[in-house]
Amino acid sequence: MKKDLFKLGIMGGTFNPIHHGHLAAAEFVREEFKLDEILFVPSGEPPHKHKGEITSPEHRWTMSLLAIGSNECFSVSSVEIDRGGESYTRDTILELKKIYGARLDCYFITGADAIAEISTWHKSENLPELAKFIAVSRPGYKLGMSKIDPRFRRCTYLIEVPALAISSTEIRERIRKGKTIKYLVPEIVERYIHKNKLYQGV
Ligand code: NAP
């Protein structure tokens, strides 16, 4: 008998830090697209970003692991961190296809601003054969298909997620100013950030 495809959501991002918006977006997409699992993949070295601009991969990976808690459909992967060098999405999808086996149906989920640039990604011409791309946007962010390169429109879905009103940038700014981040991130992540004195510098 033919086995069904395993539907994997690959939640790609810097997660600097992970917050409730990311978790709510992942759960929303899992339900909408009937995905079997959501794998959070914190970037090792995100392309287009300068070294030193972001917290270490180890801290971002640990916070992601703490954040997913007991959701049995969520897990965290260190493939990009372990691979080292720049984190190209194409390489990540190919690596996960090897790990999970051939009958894998991949949905790469990330922020709409990032997906709007997909045509500039490494070996982007192969991406439509490898996965579907789900661009999640925060309320008020206007992303129409017209902003997506025509070559990627058939494999791209656009979804607005109200909880994404929270952003990592805002969380880092609040910490720098000594303001509360309670209820923006899971309590266990909040404790980890304070214990390790993350994001306090300029
Ligand atoms: P980013 O510039 O840090 O983020 C862009 C926007 O998307 C921000 O508003 C961010 O909000 C949001 N965002 C990022 N990840 C998200 C997620 N999983 N769910 C919801 N919102 C998200 O983007 P990035 O993290 O560097 O890149 C996003 C993903 O695209 C990563 O997996 C990266 O490796 C991949 N990418 C690949 C290439 C390539 O292959 N050459 C190039 C660029 C990006 P927050 O700050 O609140 O998260």
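Scoring rules and cut-offs
Residues numbered from 1 in each chain as written. Predicted model: local features only at pLDDT ≥ 70, side-chain atom pairs only at ≥ 80, totals over all residues. Heavy atoms only, no water. Helix = DSSP H or I, 4+ residues; strand = E, 2+ residues; numbered from the N terminus. Buried < 20%, exposed > 50% of the residue type's maximum accessible area, 1.4 Å probe, protein only. Areas by Shrake-Rupley, 256 points an atom, 1.4 Å probe, with all protein chains shown as cover. Lys, Arg positive; Asp, Glu negative; His and termini not counted. Charge placed at Lys NZ, Arg CZ, Asp CG, Glu CD. Contact = heavy atoms within 4.5 Å. Salt bridge = Lys/Arg side-chain N within 4 Å of Asp/Glu carboxyl O. Near = heavy atom within 4 Å. Polar contact = N/O pair within 3.5 Å; in protein donor to acceptor, adjacent residues only side chain to side chain.

A. Seen up close, the overall build of the protein. Each helix and strand in the protein was counted, giving eight helices and six strands. Buried positions account for 46% of the 202 residues belonging to the protein. Put simply, the protein shows about 10,700 Å² of open surface, and 52% of that area lies on carbon and sulfur atoms. Distance from the positive charge centre (30 side chains) to the negative charge centre (26 side chains) of the protein: 2 Å.

B. The arrangement of the environment of I118 in detail. Tracing the backbone through its elements, the reader meets I118 in the loop between helix 5 (112-115) and helix 6 (127-130). Sequence separation between I118 and G21 is 97 residues; the distance between their C-alpha atoms is 22 Å. When sequence neighbours within four positions are dropped, the list of residues in contact with I118 reads S124, L127, F133 and F152.

C. Focus on the pattern of salt bridges. Following the criterion strictly, the structure yields seven salt bridges and no others. Note that D149 and R151 form a salt bridge whose closest N and O atoms lie 3.0 Å from each other. D149 sits in the partly exposed class, given a relative accessible area of 22%. The residue K182 makes a salt bridge to E190 at a minimum N-O spacing of 3.7 Å.

D. Structural detail: the site of the ligand. Not every one of the 28 residues close to the ligand is listed here, only the nearest: T14, H22, K49, R138 and S168. The separation between a nitrogen atom of the ligand and a polar main-chain atom of G12 is 2.9 Å. A distance of 2.9 Å separates an oxygen atom of the ligand from a polar side-chain atom of H19. Alone, the ligand offers 870 Å² of accessible surface; in the complex the protein occludes 89% of this.

E. Looking closely at the environment of E117. By secondary structure assignment, the location of E117 is in the loop between helix 5 and helix 6. Sequence separation between E117 and K147 is 30 residues; the distance between their C-alpha atoms is 8.9 Å.

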